Amino acid sequence: MEKNINELRNRKMVRYKEDYSEMLAEYNRELETVKGYNGRQILELLQNCDDEGSEEVLFELNKEKNTISISNNGSPFSKKGYRSLFIANLSSKTSKRKYIGNKGLGFRSVINWCDSIIIQSNNVSLKYSEENTLNLFNSLFSITEQDEIRNEENFGETHIPLPFLCIPEIIKEDGNGYITTIILTYKPDYYESIIEQINKISQETILFLKNIREINFIGFEDIDNIKCIKESLDNDNSTISPNQKISFEDAVWYVFEEECDFPSEFRESENPDNEFYQIKIAVEENFKKTSPYLYSFFPTKILLNQPYILHATFDLDSTRNQINDSLKNKYILKKIVEFTINVAKFYAKESVSYRPLQILFHSHIADSLANLGYYSLIDDAIKSEEIFPCI
């Protein structure tokens, strides 16, 4: 693996030296990615752990060293995974089931927090740092060339237009027993932001993750570890019923799920491979716990205020907090309404229950969903479906 990484480093340095426009393009793409995921860095790191199949995740804070690390026991970094780090906007997730909106670029979102990033995986330790970036820039370009690059892009005289995650150092670093660990040496000014994001991790955070069942915290104050049991439930697909039971110490959730591919008319000409969408509704068994937000794996900033939590793999904007006005999203919302009606009908089997109406009734209207016709479809369903309680 170390030989492969050295080859990638050497090829990258040669390309930058021969044509610095490629370096500038990757630098600008990296900046755009950092801006887009700001505020969701911890969630994106958690998503990466889940994507690699890890059931356990450890967050560890060392305030004396200004480091926060995230460790997991999923698949180690592969050659393809390491290659993706050398190229901005290249994801290593392309071999996985392709959901709409799944870009796989969230790891780069932590760059603006960090003085350095160390990745320990597959018996290799890589270090990215501002110091290394400066040294590389000075070794690749003469003073005259550096001035030319800065003048061309109107950068300041000390600006270093080299992607942070492009050419790492290979270092010797002892592991901690996990398969992959990422160590972030954070800038002190970002400490409060990091803690704020860590504090938002809750039971609901892992409801829609496929693999993670346990999140542990070391070095943090007043943060409890999270642990659950995820059980698959028998479902013959002929009628709607929960697919999964997720049990925490103080709550039990039932998760309904639908996963299908998009019709052929949604297939993009530049990407002939079909995309899939996923819809899940998580209902706490007593209808006493929920989250006010619409989820796309993690919460967006769209208020839903329902007695359940709705997740769908939407086409999200660059902030990952709003859904785009797109034909694919309109199609997903139509399918969500059909799916939600079926979930309501499942609870209509109970004797004289108002839960179906609770599921379909909306006390809050989100403009972004209203503009896509979501609430009109729900209202039509309430009028036409047999979900009213009968005595």
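Everything below is about the structure printed above this text.
Everything numeric here is computed off the predicted structure, so don't read it as measured data.

A.B. asks: Account for the packing of helix α1 (residues 2–18) against helix α4 (residues 79–86), with residues named and values stated.
C.D. replies: At a closest axis distance of 10 Å, the pairing of α1 and α4 adopts a crossing angle of 25°. Taken as axis vectors, α1 and α4 run roughly parallel relative to one another. Like other packed secondary-structure pairs, α1 and α4 cross with a definite hand, here right-handed. Residues Asn 4, Ile 5, Leu 8, Arg 9 and Lys 12 of α1 form the contact with α4, whose participating residues are Lys 79, Tyr 82, Arg 83 and Phe 86.

A.B. asks: Describe helix α11 (residues 374–384), and please don't skip the residues or the numbers.
C.D. replies: Taken together, the buried positions of α11 are occupied by Tyr 374, Tyr 375, Ile 378, Ala 381 and Ile 382. The buried residues of α11 occupy an angular sector of 120° when the element is viewed end-on, so they sit on one face. Within α11, the exposed residues directed more than 90 degrees away from the buried face are Lys 383 and Ser 384. At its buried positions, α11 is contacted by β15 (309–312), α8 (327–348), α9 (355–360) and α10 (367–370).

A.B. asks: How would you summarise the environment of Phe 256 if you had to cite specific residues and measurements?
C.D. replies: You can see Phe 256 is positioned in strand β11 (residues 252–261). When the C-alpha atoms of Phe 256 and Lys 280 are compared, they prove to be 5.4 Å apart, with 24 residues separating the residues in sequence. Contact partners of Phe 256, with chain neighbours within four places excluded, come to Ile 240, Ser 241, Pro 242, Asn 243, Ile 279, Lys 280, Ile 281, Val 283, Phe 339, Val 343, Phe 346 and Tyr 347.

A.B. asks: Before we move on, could you go through the side chain of Ser 69 and cite the residues and values that matter?
C.D. replies: With respect to the element layout, Ser 69 can be found in strand β2 (residues 67–72). Discounting chain neighbours no more than four positions away, the residues touching Ser 69 are Leu 58, Phe 59, Glu 60, Thr 181, Ile 182 and Ile 183.

A.B. asks: Explain the packing of aromatic side chains to me, using residue names and the numbers behind them.
C.D. replies: A full pass over the atoms with the stated rule returns 15 aromatic pairs. Here the aromatic rings of Tyr 27 and Phe 155 are separated by 6.0 Å at their centres, their planes lie at 85°, and the arrangement is edge-to-face. A residue pair is termed long-range when its members are at least 10 positions apart, and Tyr 27 in helix α2 (residues 20–36) and Phe 155 in the loop between α6 (143–153) and β5 (169–171) qualify at 128 residues. Relative accessible area serves as the criterion here: at 8%, Tyr 27 is assigned to the buried category. Plain terms: the ring middles of Phe 262 and Tyr 331 are 5.8 Å apart, the flat faces sit at 45° to each other, and that makes the pair tilted. Residue Phe 262 is located in the loop between β11 and β12 (276–284), and its partner Tyr 331 is located in helix α8; the two are separated by 69 residues in the primary sequence. For Phe 262, a relative accessible area of 3% corresponds to the buried category.

A.B. asks: Got a sec to walk through unusual backbone geometry? Specific residues and values, please.
C.D. replies: Residue Phe 297 is not a glycine yet carries a positive backbone phi of 70°. We classify Phe 297 as buried; its relative accessible area is 16%. Phi at Asn 305 is positive, roughly 55°, even though this residue is not glycine. Summarising the element assignment, Asn 305 is placed in the loop between β14 (298–303) and β15.

Here is what the cut-offs are and how they apply
- Residues numbered from 1 in each chain as written.
- Predicted model: local features only at pLDDT ≥ 70, side-chain atom pairs only at ≥ 80, totals over all residues.
- Heavy atoms only, no water.
- Axes fitted to C-alpha atoms, helices over the stretch in contact; angles between N-to-C directions.
- Helix = DSSP H or I, 4+ residues; strand = E, 2+ residues; numbered from the N terminus.
- Parallel < 35°, antiparallel > 145°, perpendicular 65-115°, else oblique.
- Left-handed = near helix turned anticlockwise from the far one by under 90°.
- Contact = heavy atoms within 4.5 Å.
- Buried < 20%, exposed > 50% of the residue type's maximum accessible area, 1.4 Å probe, protein only.
- Arc of directions from axis to C-beta.
- Phe/Tyr/Trp six-rings, centres within 6.5 Å; stacked < 30°, edge-to-face > 60°.

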